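# Topology and contacts: notes
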Amino acid sequence: MHDRSLLSLFTGLALAAGTTFFAAQPAAAAEKTLTIYTYESFTSDWGPGPKVKAAFEKTCGCTVNYVSVTDGVALLSRLKLEGAGTKADVVLGLDTNLVDEAKDTGLFDASGVNTSALKVPGDFKDDAFVPYDYGHFAVIYDTQTVKNPPKSMKDLIEGDPSQKIVIEDPRTSTPGLGLLLWIKSIYGDKSADAWTKLKGRILTVTPGWSEAYGLFTKGEAPMVLSYTTSPAYHVIEEKTDRYQAAAFSEGHYIQIEVAGLVKSSPNKDLARDFLKFMISPGFQDIIPTSNWMMPVSATSAPLPDAFGKLVSPTKTFLMSPDVVEKNRKAWIDEWLAATSGN
């Protein structure tokens, strides 16, 4: 039926039914909207966001509305700024380094989600935050440019300053914060000296992961801070093994990403349904080849063969959330002092 015929039909029905037709409209249009705050790479066309939205909307009788910011730390900053007046129902994209600080805002409610069956490194469990993926941070390098990649954090810090790396800002980005904590885990009180030495190799510091990785793939720098899983993207999507992760002898810092229910949400039942969906196959099976991270569900579909060829860290670093909360500002100040100036 053509549009004009449809219009004639609806006009006739409206005239026949009088005000009853129009009175019925609001009830039919009362579909709920679930507002999810997250980071830009999640909502991008190639990220998991569009597929997750489509899959959840099939089951929820709702509309998923994403609001995205640069990266994970920026999520927490925005939430603090908005306070109880935030429009968010769910915040997706914080990580375990931020959960204590996020809880202290008083803006999150108990998730009500049973996560006991999940496979999360270190057995992370929390009553408010639900983990949905994880990955180890790594230096990704271009094999066409870097013939002798760093084999340790020491190699990276003390290596050839002409071979640059792009990193992310720890004030706005969870990978940036991850590198800060990785170096702190290895160097402790000598971290400032490590950053001073590394400064000469840093081409630029970006607000988030997307900008950093974009500069890297455009050839602006031969190295970038990303994840051990990043090469799988290039193998699966681009059929190339040009980009590889450097295995560091000291070990690698891990990131566990989480989502939480906002206490002021008017759609708490719907938000909890989403958090439950998040750890189901409908969400988890999307993660490996769209967010390029590891799923947390024990019942996820088998990973593609490319994941079996990734760097497997010999040691994993992960600080407790309370240690990060107590020291994050001081450690960022230390980083700023060590990397600014000449």
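Remember, it's a predicted structure, so these values are computed and weren't measured experimentally.

### Side note on the overall build of the protein chain
- If you tally the helices and strands in the protein chain, you get 14 helices and 12 strands.
- If one aligns the C-alpha atoms of the protein chain with their principal axes, the spans along those axes are about 80 × 45 × 40 Å.
- Burial status across the protein chain gives 51% buried among its 342 residues.
- Long-range contacts, defined as pairs at least 24 residues apart, comprise 78% of the intrachain contacts of the protein chain with a sequence gap of at least 6.
- Roughly 15,600 Å² of accessible area belongs to the protein chain as shown, and the carbon and sulfur atoms make up 53% of that amount.
- Here the protein chain contributes 33 positive and 40 negative side-chain charges, whose respective centroids are spaced 1 Å apart.

### As for the side chain of His 252
- Tracing the backbone through its elements, the reader meets His 252 in strand S10 (residues 252–262).
- Taking the relative accessible area as the measure of exposure, His 252 reaches 1% and is therefore buried.

### A few points about the domain arrangement of the protein chain
- Taken domain by domain, the protein chain consists of domain 1 (33–134 + 255–309) and domain 2 (135–253 + 315–340).
- Computed over C-alpha atoms only, the centres of domain 1 and domain 2 are separated by 24 Å.
- Its largest share of buried area at the contact with domain 2, domain 1 owes to Asn 97, Gln 255 and Trp 292, together 31% of the area lost on that side.
- Connecting domain 1 to domain 2 are 1 salt bridge.
- Among the salt bridges present, the one from Glu 101 reaches Arg 328, with a minimum N-O distance of 2.7 Å.
- The element best represented in the side of domain 1 that touches domain 2 is helix H6 (residues 99–104), accounting for 4 residues.

### Details of the confidence of the model for the protein chain
- Model confidence for the protein chain is summarised by a mean pLDDT of 91, while 91% of its residues fall at 70 or above.
- The model gives residues 1–29 a pLDDT under 50, and that stretch makes 3 contacts with residues more than four places away or in other chains.

### Observations concerning unusual backbone geometry
- Of note in the backbone geometry, Lys 239 takes a positive phi value of approximately 55° without being a glycine.
- With respect to the helices and strands, the residue Lys 239 is situated in the loop between helix H11 (230–238) and strand S9 (243–245).
- A residue is classified by how much of its surface remains accessible, and Lys 239, at 68% relative accessible area, is exposed.
- Within the chain, Trp 292 stands out as a residue other than glycine whose phi angle is a positive 55°.
- Looking at where Trp 292 falls in the secondary structure, it is placed in the loop between helix H13 (281–284) and strand S11 (294–295).

### Description of the state of the cysteines
- This model, assessed by the stated rule, comprises 1 disulfide.
- Two residues, Cys 60 and Cys 62, share a disulfide whose sulfurs are 2.0 Å apart. Between Cys 60 and Cys 62, the S-S dihedral sits near -90°, and the bridge is therefore left-handed. Neither residue differs from the other here; Cys 60 and Cys 62 are each classed as buried.

### Let's talk about the packing of helix H9 (residues 191–198) against helix H14 (residues 321–339)
- Contact geometry of H9 with H14 gives a least axis separation of 8 Å together with a crossing angle of 40°. Taken together, the axis directions place H9 and H14 in an arrangement best described as oblique. The element H9 and its partner H14 pack so that their crossing is right-handed. Here Ser 191, Ala 192, Trp 195 and Thr 196 of H9 lie close against H14, whose contacting residues are Glu 334, Trp 335, Ala 338 and Thr 339.

### As for the environment of Ser 312
- Take Ser 312: it is sitting in the loop between S11 and strand S12 (316–317).
- Separated by 83 residues in sequence, Ser 312 and Thr 229 have C-alpha atoms that sit 9.8 Å apart.

### Let's talk about the pattern of salt bridges
- Overall, the coordinates contain 14 salt bridges when judged by the stated rule.
- Residue Glu 158 pairs with Lys 154 through a salt bridge whose shortest N-O separation is 3.0 Å. You can see Glu 158 and its partner Lys 154 sitting in helix H7 (residues 153–158), 4 residues apart, about one turn around the helix.
- Overall, Glu 158 belongs to the partly exposed group, its relative accessible area being 44%.
- Judged by relative accessible area, Lys 154 falls into the partly exposed class, the value being 45%.
- Across the salt bridge formed by Asp 169 and Arg 171, the nearest N and O atoms sit 2.7 Å from each other.
- Because the salt bridges share partners, they merge into one network encompassing Lys 80, Glu 101 and Arg 328.

What counts as what
Residues numbered from 1 in each chain as written. Predicted model: local features only at pLDDT ≥ 70, side-chain atom pairs only at ≥ 80, totals over all residues. Heavy atoms only, no water. Helix = DSSP H or I, 4+ residues; strand = E, 2+ residues; numbered from the N terminus. Buried < 20%, exposed > 50% of the residue type's maximum accessible area, 1.4 Å probe, protein only. Contact = heavy atoms within 4.5 Å. Areas by Shrake-Rupley, 256 points an atom, 1.4 Å probe, with all protein chains shown as cover. Lys, Arg positive; Asp, Glu negative; His and termini not counted. Charge placed at Lys NZ, Arg CZ, Asp CG, Glu CD. Domains from an automatic or database assignment. Buried area = accessible area lost by both parts, 1.4 Å probe. Salt bridge = Lys/Arg side-chain N within 4 Å of Asp/Glu carboxyl O. pLDDT = per-residue confidence, 0-100. Disulfide = S-S within 2.5 Å. Axes fitted to C-alpha atoms, helices over the stretch in contact; angles between N-to-C directions. Parallel < 35°, antiparallel > 145°, perpendicular 65-115°, else oblique. Left-handed = near helix turned anticlockwise from the far one by under 90°.

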